[in-house]
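# Structural features, examined
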Amino acid sequence: QAQLVESGGGLVQAGGSLRLSCAASARAFSLYRMGWFRQAPGGEREFVAAIRRMDARTNYADSVQGRFTISRDNAANTVYLQMNSLKPEDTAVYYCAGQLDYSFTYSNPTAYDRWGQGTQVTVSS
């Protein structure tokens, strides 16, 4: 079964940067699309960014557009989320997710089939 493992979370001051990594098994890396979601305490899981395997097309939530960048390293079977200009409201558990097959939807968490365990990101003011 495809496996996803996140790393790179931590504590950072507002305005700082972090890079999250999602290491995927070879089978997981062939997923149609990879995405990042986040969930703050008491909140719902929300879309952050996604990248499509076939053409590396990317999509971003409005709240992170221009600050976050999703990318992939095929040789390392890894997807990254570079987070710059972090704000306290970015504090959440960040999850890597994957879609097994084609889906028109990239921002709905129910459209994803595989999930990592999550990594905590805390931004202090």
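Quick look at the structure, then. Here the structure is a predicted model, which means the values were calculated and not measured. Position numbers for residues start from 1 in each chain and track the written sequence from start to end. With the structure being a predicted model, the display of local features is reserved for residues of pLDDT at least 70 and the display and counting of side-chain atom pairs for 80 or more, all residues being used for whole-chain, interface and lining totals. The basis for every side-chain value is the complete set of heavy atoms in the structure, and neither hydrogens nor water enter the calculation.

### Some thoughts on the side chain of Arg-38
Within the fold, Arg-38 resides in strand E4 (residues 33-39). Pairs of N or O atoms are called polar contacts if they sit within 3.5 Å, as long as, within protein, a hydrogen donor faces a hydrogen acceptor (for residues adjacent in sequence, only side-chain-to-side-chain pairs). Within the structure, Arg-38 has its side chain in polar contact with the side chain of Glu-46 (distance 2.6 Å). Engagement of the side chain of Arg-38 in a polar contact is seen with the side chain of Tyr-94, the distance being 2.9 Å. In this description a helix means any DSSP run of H or I spanning at least four residues, a strand means any run of E spanning at least two, and both kinds are numbered starting from the N terminus.

### Quick look at the pattern of salt bridges
When a carboxyl oxygen of Asp or Glu lies within 4 Å of a side-chain nitrogen of Lys or Arg, that pair is called a salt bridge. For the coordinates displayed, the defined rule picks out four salt bridges. A salt bridge links Asp-55 to Arg-52, with the nearest nitrogen and oxygen atoms 2.5 Å apart. Of the charged contacts in the structure, one is a salt bridge between Asp-90 and Arg-67, with a shortest N-O distance of 2.8 Å. A residue pair is termed long-range when its members are at least 10 positions apart, and Asp-90 in the loop between strand E8 (78-83) and strand E9 (92-99) and Arg-67 in the loop between strand E6 (58-60) and strand E7 (68-73) qualify at 23 residues. Arg-67 shares its class with Asp-90; the two are buried. Here the salt bridges share partners, and the residues they tie into one network are Arg-38, Glu-46, Arg-67 and Asp-90. Note on classification: 1.4 Å probe, protein chains only; a residue is buried when its accessible area is under 20% of the maximum for its type, exposed when over 50%, partly exposed between these limits.

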